[in-house]
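Summary of structural features
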Amino acid sequence: MSLKETLEQLKTDALSKIEATQTLDSLNEIRVQVLGKKGSITEVLRGMKDLSPEMRPVIGGFANEVRDTLTTELETKKEVLEEAALNAALEKETIDVSLPGQELNIGTSHILTQVMEEIEDVFLGLGYEIIEGYEIEQDHYNFERMNIPKDHPARDMQDSFYINDEILLRTHTSPIQARTMEKHDFSKGSLRMISPGKVFRRDSDDATHSHQFHQIEGLVVAEGITMGDLKGTLEVLLKKLFGEDREIRLRPSYFPFTEPSVEVDISCFKCGGKGCNVCKQTGWIEILGAGIIHPRVLEMSGIDSTKYSGFAFGLGPDRVAMLKYGVNDIRYFYQNDLRFLEQFRVKG
Ligand code: FA5
């Protein structure tokens, strides 16, 4: 048989094998047998050396044609077999598109964060700035600059965790008053800020006291600020938090850094003022401490107290959250029990 006839024969055999094969594996075997480095075409071409120089390109060209035809046929068959394999797999697999998807467990902000952000939004709306202070504070700012010298009895009410004689975990957010006032440039306008954050006291933990809790300090300093401004501002806040029909009441109190000082009560949101278990039958609920900034506190921060006056308040958002959501023990906020926290998941 001539080389050309051998190639013809090889092509015919390979084409019928390709046609007959039903699996990708056996198709690959055919490819290796015919086109591979040690395959039959290579084998046939070894005989080229015995051909006359005129016949070599003729047979070489024919061999290339055979290789191209077989390559194309192998590719086409491969596609057919792959598609058939895919269809078979899909037929076996059943997908119920009506099944609900898997729910992703996405976190939500803590209820105390939500309450603090609600309060922050009210003050941002009134043009206040939010300024954060330091949780580890100097005795100087926490007490001295708030008009509470070393031997002052008011220190007993705010016993703290001391790092050394001069450094402590802040007992209230009030030190941010002094830190902000001493930096403020009144030629650029009045000072209006709130400062939310964690505070710490060596209090024994009970249903309404925690050794770590939150406060939101409020501070306004400008010319001609009065108790009326304080009352109006707190009324806006407390009505937003607890409902438009809430009334507020100021009771005389004492803080070394405000004069006069007040405790602020709101009319009970549960009974409307008639008396119930939430308000301990008084019709009122205590919500924060406040007052007109003591002139000494202004002066210690380098502010002329004959020209400027201001008000300040310190609100406990943990207590606000307890009242707003009827939580009867502050410790729930800090135990991280998901059964409790899940009740305050933000919807949406
Ligand atoms: C103060 O800390 C003052 N710095 C507030 C202030 C600021 C008055 C500016 C005047 C001007 P008092 O100790 O009352 O005040 O605390 C303020 C609020 O923090 C309380 O009304 C209460 O809501 C909350 N609070 C106090 N102690 C605890 C505690 N152990 N656990 C939870 N909340 C507390």
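Computed from a predicted structure; not experimentally measured.

Once that is clear, we can look at the overall build of the chain. Regarding its fold elements, the chain presents eleven helices and nine strands. The C-alpha radius of gyration computed for the chain amounts to 42 Å, which surpasses the reference 20 Å derived for 348 residues by more than 25%, pointing to a less compact arrangement than a globule. In the chain, which comprises 348 residues, the share counted as buried stands at 41%. Taking the contacts inside the chain whose residues are at least 6 apart along the sequence as the reference set, 67% of them involve residues at least 24 apart. About 20100 Å² of surface is accessible on the chain, with carbon and sulfur atoms providing 52% of the total. Side-chain charges in the chain split into 41 positive and 57 negative, and the spacing between the mean points of these groups amounts to 1 Å.

Near the ligand lie 25 residues; those nearest to it are His172, Ser174, Arg201, Asp203 and Gln215. One of the side-chain nitrogen or oxygen atoms of His172 is found 2.9 Å away from a nitrogen atom of the ligand. Backbone polar atom of Ser210 to a nitrogen atom of the ligand: 3.1 Å apart, as the coordinates give it. Calculation on the ligand without its partners gives an accessible area of 670 Å², and the protein chains cover 93% of this total. Per-element tally for the shell around the ligand: the top contributor is strand S8 (residues 284-293), with four residues. Split into classes, the residues belonging to the shell around the ligand amount to nine nonpolar, twelve polar and four charged.

Reading guide: rules and limits
- Residues numbered from 1 in each chain as written.
- Predicted model: local features only at pLDDT ≥ 70, side-chain atom pairs only at ≥ 80, totals over all residues.
- Heavy atoms only, no water.
- Helix = DSSP H or I, 4+ residues; strand = E, 2+ residues; numbered from the N terminus.
- Rg over C-alpha atoms; globule rule 2.2 N^0.38 Å.
- Buried < 20%, exposed > 50% of the residue type's maximum accessible area, 1.4 Å probe, protein only.
- Contact = heavy atoms within 4.5 Å.
- Areas by Shrake-Rupley, 256 points an atom, 1.4 Å probe, with all protein chains shown as cover.
- Lys, Arg positive; Asp, Glu negative; His and termini not counted.
- Charge placed at Lys NZ, Arg CZ, Asp CG, Glu CD.
- Near = heavy atom within 4 Å.
- Polar contact = N/O pair within 3.5 Å; in protein donor to acceptor, adjacent residues only side chain to side chain.
- Nonpolar A, V, L, I, M, F, W, Y, C, P; charged D, E, K, R; others polar.

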